[in-house]
Amino acid sequence: MCGIFGVYGHRDAAALTQLGLYSLQHRGQESAGIVAVDETGHARVSRAMGLVSEGFSEAEMLELTGPVSIGHTRYSTAGASAIENAQPTLARVRQGHIALAHNGNLTNAVELRRELEDDGAIFSSTMDSEVIVHRIARAHGPTPESRVATALDGVEGAYCLLIVLDETVIAARDPHGWRPLVIGKLGDGWVFASESCALDIVGATLEREVLPGEIVAIDSQGMRTLQGDASTPTHRCVFEHVYFARPDSKVFGGSVDHSRRALGRQLARECPAPGADLVFAVPDSSNSAALGYSEESRIPYEFALIRNHYIGRTFIQPTQAGRDAKVKVKYNPVRELLNGKRVVMVDDSIVRGTTTRGLVSLVRAAGAREVHMRVSSP
């Protein structure tokens, strides 16, 4: 899970990309980066470990000029959490440059990398995304999008890509459509984003999704598309609606908030808690599910657990020690609401279980008489 954002045809492309990355910070907290291409075709990159707010100084942003830009927030699924694996990656090649931002996980990256290394390729990172850069650099075709199509032939797994080939911006999505990618319109320019909430912050209008298997190219000649095999079955990651995406986004054509409320209502029907005094969420990703549970069960909804919003998502911390430390400072119970009460605590999911154990202990220590744990996607 990562966040990708791109702009074509706006004079403040890099500044808009930085804003878009703020809206996608929940998709990756380990590193952030921006590539910008100016009117002369020169590409510049700025990458840093940590949050978007920590990564780009005013002086760096002033250097990122031009009407083309792509950006990335990283949660590592392949390759260590290190600056050499921060994206977007930028490679200088004989034809010009290749910049790439990737959200997903390539399942045959090891085999593809071995083939490239056997053929003389030299890698500068350990992330799977660099495989695609090398394949694009070696691909031939009459158009930038045809080169990308050739490069992606044989690549397996989940991917949403934003690629800059010289002055062409290309968006691509794997044939199964595992991860979301949307297209927006901003004046005469175009915007791409992992989630629609990132379009809102820059004032872009949602046009449509990039279709599974589709490659979209935009340059001075306009927008062009290549569509892959329509017979490939669609496989959408349900965790986007359960946890990953923000509730104010539309993902896979549907409202995330609507999905989570529906899960909460169904949870109340399947797993009621008769006699409970109140329902509360493990904020923030469980808020909608807890509201749905409360609406269906007619048990009052309360803010009984307060989240420190200066602490990031515990799930995407790369180490167990980091997750444990974040849980301890991330939540605090409201004792006046919990003391002596029978409570329903709604969480969206259980990934490792470490957060769940700590939260139940926290609520019990605050005086809850009974803790009914309910999980909308167990």
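Here the structure is shown first, and the text comes after it.
Report on the accompanying structure. Bear in mind the structure is a predicted one, so any value in this text is a computation, not a measurement. (Residues numbered from 1 in each chain as written. Predicted model: local features only at pLDDT ≥ 70, side-chain atom pairs only at ≥ 80, totals over all residues. Heavy atoms only, no water.)

1. Quick look at the packing of aromatic side chains
Heads up, the rule is: Pairing of aromatic rings covers Phe, Tyr and Trp, the last through its six-membered ring, and needs centres within 6.5 Å; plane angles under 30 degrees mean stacked, over 60 mean edge-to-face, and all others mean tilted. The criterion for a charge sitting over a ring is simple: Lys NZ or Arg CZ within 6 Å of the ring centre, and within 35 degrees of the ring normal.
For the structure shown, the criterion picks out four aromatic pairs. Sitting over the face of the ring of Phe-123, Arg-113 holds its NZ or CZ atom 4.1 Å from the ring centroid. Directly above the aromatic system of Trp-190 lies the positively charged group of Lys-185, at a separation of 4.7 Å from the ring centroid.

2. Considerations on the nonpolar core
Inclusion rule: By nonpolar core we mean a set of buried residues, namely Ala, Val, Leu, Ile, Met, Phe, Trp, Tyr and Cys, connected to one another through side-chain atoms within 4.5 Å. When accessible area is computed with a 1.4 Å probe and restricted to protein chains, residues below 20% of their type maximum are described as buried, those above 50% as exposed, and intermediate ones as partly exposed. Each helix is a run of DSSP H or I of at least 4 residues and each strand a run of E of at least 2, with the numbering of both proceeding from the N terminus. Contacts are assigned to residue pairs with any non-hydrogen atoms lying within 4.5 Å of each other.
In terms of nonpolar packing, the biggest core is built from 26 residues, with Ile-136, Val-148, Leu-152, Leu-161 and Ile-163 touching the most fellow members. Residue assignment for this core shows that the elements contributing at least two residues are strand 6 (96-106), helix 4 (109-118), helix 5 (129-138), helix 6 (144-152), strand 7 (157-165), strand 8 (168-173) and strand 12 (214-219). If sequence neighbours within four positions are ignored, Ile-136 has contacts with Ile-98, Leu-100, Arg-147, Val-148, Ala-151, Ile-163 and Leu-165.

3. Some details on the sheet that holds strand 9 (residues 182-186)
Here is the rule we go by: DSSP bridges decide pairing: two strands pair if at least two such bridges lie between them. Only the contacting stretch of a helix is used when fitting its axis, a line to C-alpha atoms as for every element, and angles between N-to-C directions run 0 to 180 degrees.
Strand order across the open sheet formed by seven strands is 3-2-4-1-10-9-11, with antiparallel pairing between neighbours. Single-partner strands in this sheet number two, and they are strand 3 (43-49) and strand 11 (205-209). Between one strand axis and the next, the sheet turns by 15° as a mean value, whatever way the strands run. Of the pairings in the sheet, the one linking strand 9 to strand 10 (residues 189-193) comprises five bridges and is antiparallel in character. Within the sheet, the bridge partner assigned to Ile-183 lies in strand 10 and is Phe-192. This element, helix 1 (residues 13-23), spans strand 1 (3-8), strand 2 (31-37), strand 4 (68-74) and strand 9 of the sheet and lies at about 25° to strand 4.

4. Details of helix 5
The element helix 5 is extensively covered by neighbouring structure, given that eight of its 10 residues are classed as buried. In this fold, the buried residues of helix 5 make contact with strand 5 (89-93), strand 6, helix 4, helix 6 and strand 7.

5. Observations concerning the pattern of salt bridges
Just so we agree on the cut-off: Salt bridges, as used here, are contacts in which a Lys or Arg side-chain nitrogen is within 4 Å of a carboxyl oxygen on Asp or Glu.
Counting across every chain of the model gives 16 salt bridges. Between Glu-195 and Arg-27 there is a salt bridge, with the nearest N and O atoms lying 2.8 Å from each other. In this pair, Glu-195 is assigned in the loop between strand 10 and helix 7 (197-202) and Arg-27 in the loop between helix 1 and strand 2, connecting sequence segments 168 residues apart. Here Asp-38 ties to Arg-44 by a salt bridge, and the two come within 3.1 Å at their closest N and O atoms. Several salt bridges converge on common partners, so that one network encompasses Arg-27, Arg-179, Glu-195 and Glu-240.

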